Amino acid sequence: MKIVTLKPEQFDDYASTHRYRSYYQSSLYANVMTNFGYATHYIGIVNEENKLIGASLILYKEVMFNKKIAYAPRGILFSYENPETTKEFAEKLKKLLSKQGFIMLRIDPYI
């Protein structure tokens with residue numbers, strides 16, 4: 001499993017068919033939030049066959065000393081049924097965001 005960057009169209013294609021889809025996980029919502037000072041990043045989770053198995057809109061702001069806080073509205077579009085893959089995904093996401101200067105990721109709803 002690895003985390004990749006998606007284009008807005010790729011993200012919307014995936015999100016529009018996911019069972020946890022929401023307006024808050026769309027490029028339309030991301031465009032609205034840019035009016036409130038948020039920047040956007042679209043991530044995808046791909047498996048060993050390079051198939052997209054998850055995705056999320058990440059909204060973020062720089063808060064101080066080049067550190068950023070992030071928000072994944074309505075959660076990350078991912079299957080949480082398998083504890084091993086969920087843990088692997090969480091560890092990879094924490095490592096990636098930490099390298100990019102993020103100090104916090106808020107996920108709504110909380111998991």
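Residues numbered from 1 in each chain as written. Predicted model: local features only at pLDDT ≥ 70, side-chain atom pairs only at ≥ 80, totals over all residues. Heavy atoms only, no water.

### Let's talk about the overall build of the chain
Of regular secondary structure, the chain possesses three helices and six strands. Scaling as 2.2 N^0.38, a compact globule of 111 residues should have a C-alpha radius of gyration of about 13 Å, and the chain matches this with 13 Å. Judged by the C-alpha coordinates and their principal axes, the chain covers about 35 × 25 × 25 Å. Sorting the 111 residues of the chain into buried and exposed places 39% on the buried side. Within the chain, contacts between residues separated by at least 24 positions form 58% of all contacts whose residues are at least 6 apart in sequence. On the chain, roughly 6900 Å² of surface is accessible, and the fraction owed to carbon and sulfur atoms is 54%. (Helix = DSSP H or I, 4+ residues; strand = E, 2+ residues; numbered from the N terminus. Rg over C-alpha atoms; globule rule 2.2 N^0.38 Å. Buried < 20%, exposed > 50% of the residue type's maximum accessible area, 1.4 Å probe, protein only. Contact = heavy atoms within 4.5 Å. Areas by Shrake-Rupley, 256 points an atom, 1.4 Å probe, with all protein chains shown as cover.)

### Overview of helix α1 (residues 8–15)
Residues of α1 that are buried: Phe11, Tyr14 and Ala15. One face of α1 carries all of its buried residues, which in axial projection span an arc of 95 degrees. Exposed and facing more than 90 degrees away from the buried side of α1 are Glu9 and Asp13. Buried residues belonging to α1 abut α2 (27–34), β2 (39–46), β3 (52–64) and β5 (77–78). (Arc of directions from axis to C-beta.)

### A short note on the side chain of serine 27
Its place among the elements puts serine 27 in helix α2. Among the polar contacts made by the side chain of serine 27, one reaches the side chain of aspartate 12 at a distance of 2.3 Å. (Polar contact = N/O pair within 3.5 Å; in protein donor to acceptor, adjacent residues only side chain to side chain.)

### Let's talk about the side chain of histidine 18
Mapping histidine 18 onto the fold places it in the loop between α1 and α2. A polar side-chain atom of histidine 18 sits 3.0 Å from the main-chain amide nitrogen of tyrosine 20. Discounting chain neighbours no more than four positions away, the residues touching histidine 18 are Leu77 and Phe78.

### A short note on a nonpolar patch on the surface
Together, Tyr23, Tyr24, Leu28, Val32 and Phe36 make up a nonpolar patch on the protein surface, roughly 500 Å² of accessible area in all. For valine 32, the position within the fold is in helix α2. (Patch = residues over 30% accessible without salt bridge, like charges linked within 9 Å, V, L, I, M, F, W, Y side chains within 5 Å. Salt bridge = Lys/Arg side-chain N within 4 Å of Asp/Glu carboxyl O.)

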